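Breakdown of the fold
Residues per chain, in single letters:
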Amino acid sequence: MTLDFLGTLERTHMCGDLRSSDAKDLGSGETVTLMGWVNRRRDHGNLIFLDLRDRTGITQVVFDKEVSPEAHARAEAARPEYVVAATGRVRVRGEGLANPNMPTGEVEVVAQQLLLLNEAKTPPFPIADDVAITNEEIRLKYRYLDLRRPELQRNFELRHKVTRAIRDFLSDNHFLEIETPLLTRSTPEGARDYLVPSRVHPGHFYALPQSPQIFKQLLMISGFDRYFQIARCFRDEDLRADRQPDFTQIDLETTFPKQETIFRIVEGFLRAAFHAGGIELPAHPFVQMTYDDAIRKYGIDKPDMRLPAMVDLGATLTPELRETLKIDPALPVYGFTIPRVGELSGTQRKALVGEIRGSFGDTGLDFLDVARLRTNAAFVPLAEAIAAKLTAEQLVFNGENFTTDDLAIVITPKPGTPALWNYDPHWIPKRVGQLRLDLAKKYADKHKLFEPTKTAADFRFLWVTDFPMYEWNEEAKRWDAAHHPFTSPHEDDITTGRLTSDKGAVRALAYDIVLNGTELGSGSIRIHRQDVQAEIFRSLGMSDAEAKERFGFFLDALEYGTPPHGGIALGLDRIVMILAGATSLREVIAFPKTAKAIDLMVDAPTPVGEQQMRELSLKTVTRS
RNA sequence: GGGGACGUAGCUCAGUUGGUUAGAGCGCUGCCCUGUCACGGCAGAGGUCGCGGGUUCGAGCCCCGUCGUCCCCGCCA
C-alpha cells in the first residue's frame, strides 16, 4: 500500500469537535475532513470502523464498501497509530448505535475518502488503552509515544492552562515578566551548581541558576516594582519523585511588601491556577502556622494537613506514672492517631509493634499501645485521659470523635536519653512526625484521606512562617543561613542585638507555602540595607573581604537606594503534579530524567569529543 | 554515600518444595465477518527468564557479583 500526500486537503474539524448538531447543520453533499492517528480499527469485512484520535478526542469513521470501495480498501490497510485524513459526511448514529461513553458518540463520519499519510510500527506499549505502563524505562526511552497517551496529553493541557492562568493573574496585578540569564555565576552554597565551561576564558565556568535570586532583587533596585518569571532552574542534587535537576519555578518579587502582601498574591494566583484546573479554592486566606508550631504539632516543617496533628500528652502523666512506665520525667510524650484504620488482628498488631520498636532502635524512644493500656485496670484512667486528648484533636481535625477504630500511638522517651539526640528539643517531635507519616502511608488504603474527591477539600494549603534565621552546621561547626543570606531577620531581632548574642533564637522573615505535605514554595522579605546585609554576612562567618569578592556587585547595588522588597518562588511542576493527582514530576515534565539524572531518550549526559574538550581547555581525570 | 522493591513474550503479569518442552490476558500477523465501539470467529508467530559466575544430576526459582528502573534516607541556602 503506497502512502498518500496531503495535497491541498485541509482539516475542517478536530477529532473531539463533532456533535449531532453538526450533522443537522450540514446539508447534503457537505463534508468534513478529520486528520489524526488511528486509535483502533474494527474490521467487519465489508464494513470497517476506524477511531481517529487527536489531542481533542476521538471520532468514529465508518468505511462502507458500498459507499466507497477505494476508501474501504485503504481502511483495510490502516493499522493503529497510522496517520490518516478521512473525508466524509457527518451522520447521526441510528437508534441504539450511539456510544454514550464518548463525547462524539452520537455521530460518526461516513467516509468517502481516506488518505494514508504515514504508517507506524507497532508501538512498544499501547497508546489507545489509557492504562498505566509500569515500565518507566521504556516509557522514557519512547517518551514521544508516552506523551501521545491521553493521560499525559491531559496533564500537559492542564500544565498549559495553569501556567497561563498564573501569567495572566500576575500580569493583571502589575507584575512585569522579565527574563534573567541562564549563564551566570556560581555561588557555592546551597545546592550544587551545574557548571558550563567558558571557551573564551580557559578554566573559568558559568553556572546555571539554582534560582534567579540576586537578579530579581537587582530588578527591584532598578525600580521595576513587581517582577515575575516562569523560570527554569537547575540543581545538581540527587533526585526524588518530586525533585528533578531541571525544573520550573514561578518566581516573583515586589517592592514594599509585608509578608501578608506576598501571601495574598500567591493565594490569588493559586486560586486562578486551580480554577483553570477545575477546582474552586475557598476565598479566605490560607491557614498560617509558625515553624515552631509546625515542629511541635506535626514534627516537620511541611505538615500534611490532611492528617490529624500530634498531641502533647505530657500533662496527663503524673511523675508516679512516668516512673512506673519508665518515661523520662522531663521529656514530652507525644500521641497521634491515624483515623479509620479499623480493628487490627493480634498478628497485625504484633507486627506493628515490632515495626515501630525496630524503627526506634537505640533512640531511647518506646511507645504505649492505648488499646492494651485499657486491658489493665490500673491504667484505665490514663487510657481514658489519653483518649480524651486525642478526641479533642480529632474534633479540631475533622469534627469526629476519636474511636477505637483509629490507630492511636503514644511515644514515650525512656529516662535519661536526651544525650542520645544531642539535647535537640526538635529531635523527638521530628521522629514522631516521621512515624506519623510512615503509618499514614502504610494505612492509606484504610483511612482514604489521600484519595482524591476532585474538590477543593483535596488540597490543604498552609503557610509556615517565622523560620529560624540560622542553622547550626555540626560538621563545619558554624551557623549557616537556614534560607539564604539575603533573608531579613525580624526587625526586633536586629535592634536587640540578638544576631550576635543568640543566633539560634533569631527568626527570619521567611515563609513556605505547603500543600498536602509538599513544599510548594519558599520566600522571604529581603535585606534592603547594606549595613544589615554586611552584618549578616559577618554573622555567617564571612569576612568583609570574602563577602566583597563573592557578592561585591550586590553589596554595591544595595547602596544606591534599595527599596524594601521581598518575594517567593513556587515549583510550577509540583503544583501541576498535585493538581493532576500524579505522584511523580515525570508525569508533568515533558522530557524528564531518571533517578540517576539520565535522559534515556536522547541519552544524556555523554562524553564529548577530544576537539570539543580541547576548545574548552578541559581534561578528564579519573577520580579514585 | 546508605537502605528497600522490582527485572520472565511487544505490554500487563502468573510461574508451587529446584524437576521433562516456561504460561495467561492484551497486542501483533493471516484468513472470515455490514453496526462495532475493549467487536467477534479461526489459525499462527513471538522467550538470551536483565547480564556474569557459582551450588546442583538438574536453576526462571538457591547463593555471589554486576547492570538498569523505581521509592526512601543523606543531600536539596
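Residues numbered from 1 in each chain as written. Chains lettered and ligands numbered in written order. Predicted model: local features only at pLDDT ≥ 70, side-chain atom pairs only at ≥ 80, totals over all residues. Heavy atoms only, no water.

1. Remarks on the overall build of chain A
For chain A, the count of helices and strands is 20 helices and 21 strands. Per-residue burial for chain A yields a buried fraction of 47% across its 624 residues. Across chain A, contacts joining residues at least 24 apart in sequence account for 69% of those joining residues at least 6 apart. For chain A, the accessible area works out to roughly 31800 Å², and carbon and sulfur atoms hold 52% of it. Placing the 77 positive and 89 negative side-chain charges of chain A at their respective mean positions leaves the two points 3 Å apart. (Helix = DSSP H or I, 4+ residues; strand = E, 2+ residues; numbered from the N terminus. Buried < 20%, exposed > 50% of the residue type's maximum accessible area, 1.4 Å probe, protein only. Contact = heavy atoms within 4.5 Å. Areas by Shrake-Rupley, 256 points an atom, 1.4 Å probe, with all protein chains shown as cover. Lys, Arg positive; Asp, Glu negative; His and termini not counted. Charge placed at Lys NZ, Arg CZ, Asp CG, Glu CD.)

2. Things to note about the protein's contact with RNA strand B
Neighbouring RNA strand B are 48 residues, the closest being Arg40, Asp43, Leu97, Pro124 and His483. In this structure, a phosphate oxygen belonging to RNA strand B sits 2.8 Å away from a main-chain N or O atom of Asn135. Between a base nitrogen of RNA strand B and a side-chain N or O atom of Asp238, the distance comes to 2.6 Å. Broken down by secondary-structure element, the contributors of at least two residues to the surface near RNA strand B are strand E1 (32-43), strand E2 (47-54), strand E3 (57-64) and helix H3 (136-141). In terms of residue class, the surface near RNA strand B is made up of 16 nonpolar, 14 polar and 18 charged. (Near = heavy atom within 4 Å. Polar contact = N/O pair within 3.5 Å; in protein donor to acceptor, adjacent residues only side chain to side chain. Nonpolar A, V, L, I, M, F, W, Y, C, P; charged D, E, K, R; others polar.)

3. Comments concerning the domain arrangement of chain A
When cut into domains, chain A gives domain 1 (20-118), domain 2 (149-287 + 563-624) and domain 3 (307-448). Computed from C-alpha atoms alone, the centre-to-centre distance between domain 1 and domain 2 is 43 Å. (Domains from an automatic or database assignment.)

4. Thoughts on the pattern of salt bridges
With the rule as written, the count across this model stands at 40 salt bridges. For Asp242, the salt bridge is made with Arg574, and the minimal N-O distance between the two is 3.8 Å. With Asp242 in the loop between strand E9 (226-234) and strand E10 (246-255) and Arg574 in helix H19 (residues 572-580), the pair connects residues that are 332 residues apart, well separated along the chain. A relative accessible area of 17% places Arg574 in the buried class. Each of Glu136, Arg139, Arg143, Asp146, Arg149, Glu151, Arg586 and Glu587 takes part in a single network of salt bridges with overlapping partners. (Salt bridge = Lys/Arg side-chain N within 4 Å of Asp/Glu carboxyl O.)

5. What about helix H17 (residues 530-539)?
Every buried residue belonging to H17 is among Val532, Gln533, Ala534, Ile536, Phe537 and Ser539, and all of these are buried. Among the structural elements, strand E17 (470-473), helix H15 (491-495), helix H16 (498-501) and helix H18 (544-558) are those in contact with the buried residues of H17. One or two residues past the end of H17 sits Gly541, with phi positive at roughly 80°.

6. A few points about the pairing of strand E21 (residues 565-571)
In regular strands, side chains alternate between the two faces of the sheet. Where burial is concerned, most of E21 is hidden: seven out of the seven residues are buried. A two-sided burial pattern is seen for E21, the buried positions comprising His565, Gly567, Ala569 and Gly571 on one face and Gly566, Ile568 and Leu570 on the other.

7. Considering the environment of Ala580
Counting through the fold element by element, Ala580 comes out in helix H19. In this structure the C-alpha to C-alpha distance between Ala580 and Gly567, which are 13 residues apart in sequence, comes to 26 Å. Not counting chain neighbours up to four residues away, the residues in contact with Ala580 comprise Asn155, Leu158 and Val588.

8. A closer look at the environment of Gln153
Note on placement: Gln153 falls in helix H5 (residues 150-172). What makes Gln153 partly exposed here is its relative accessible area of 30%. Residue contacts for Gln153: discarding those within four places in its chain leaves Arg55, Leu147 and Arg148. Reaching out from Gln153, the side chain makes a polar contact with the backbone oxygen of Leu147 at a distance of 3.1 Å.

9. Structural notes on the nonpolar core
Within the largest apolar cluster, 41 residues are counted, with the highest numbers of intra-cluster contacts made by Phe269, Leu270, Phe274 and Phe461. Setting aside residues no more than four positions away along its own chain, Leu270 makes contact with Leu281, Phe286, Phe461, Ile513, Leu570 and Ile575. (Core = buried A, V, L, I, M, F, W, Y, C linked by side-chain atoms within 4.5 Å.)

10. Details of the packing of helix H8 (residues 291-298) against helix H13 (residues 427-442)
Running from N to C, H8 and H13 point in directions that differ by 60°, and their axes come no closer than 7 Å. Viewed along their axes, H8 and H13 adopt a mutual orientation that is oblique. Judged by residue contacts, Tyr291, Ile295 and Tyr298 of H8 engage Pro429, Lys430, Gly433 and Arg436 from H13. Considered class by class, the residues forming the contact of H8 with H13 number four nonpolar, one polar and two charged. (Axes fitted to C-alpha atoms, helices over the stretch in contact; angles between N-to-C directions. Parallel < 35°, antiparallel > 145°, perpendicular 65-115°, else oblique.)

11. Section: unusual backbone geometry
That bond from Ala604 to Pro605 is cis: its omega, 0°, falls within 30 degrees of zero. With respect to the helices and strands, Pro605 occurs in the loop between H19 and helix H20 (610-615). Of note, Phe256 is a non-glycine position whose phi angle comes to about 50°, a positive value.

12. So, the packing of H17 against H18
When two helices pack together, their arrangement is captured by the angle between the axes and the distance separating the axes. Where H17 meets H18, the axes come as close as 11 Å, and the angle between the chain directions of the two elements is 160°. Classed by the angle they form, the pair H17 and H18 counts as roughly antiparallel. Of the two possible hands of crossing, H17 and H18 adopt the one that is right-handed. Residues Gln530, Gln533, Phe537 and Arg538 of H17 lie in contact with H18, whose contacting residues are Asp544, Ala547, Phe551, Phe554, Leu555 and Leu558. (Left-handed = near helix turned anticlockwise from the far one by under 90°.)

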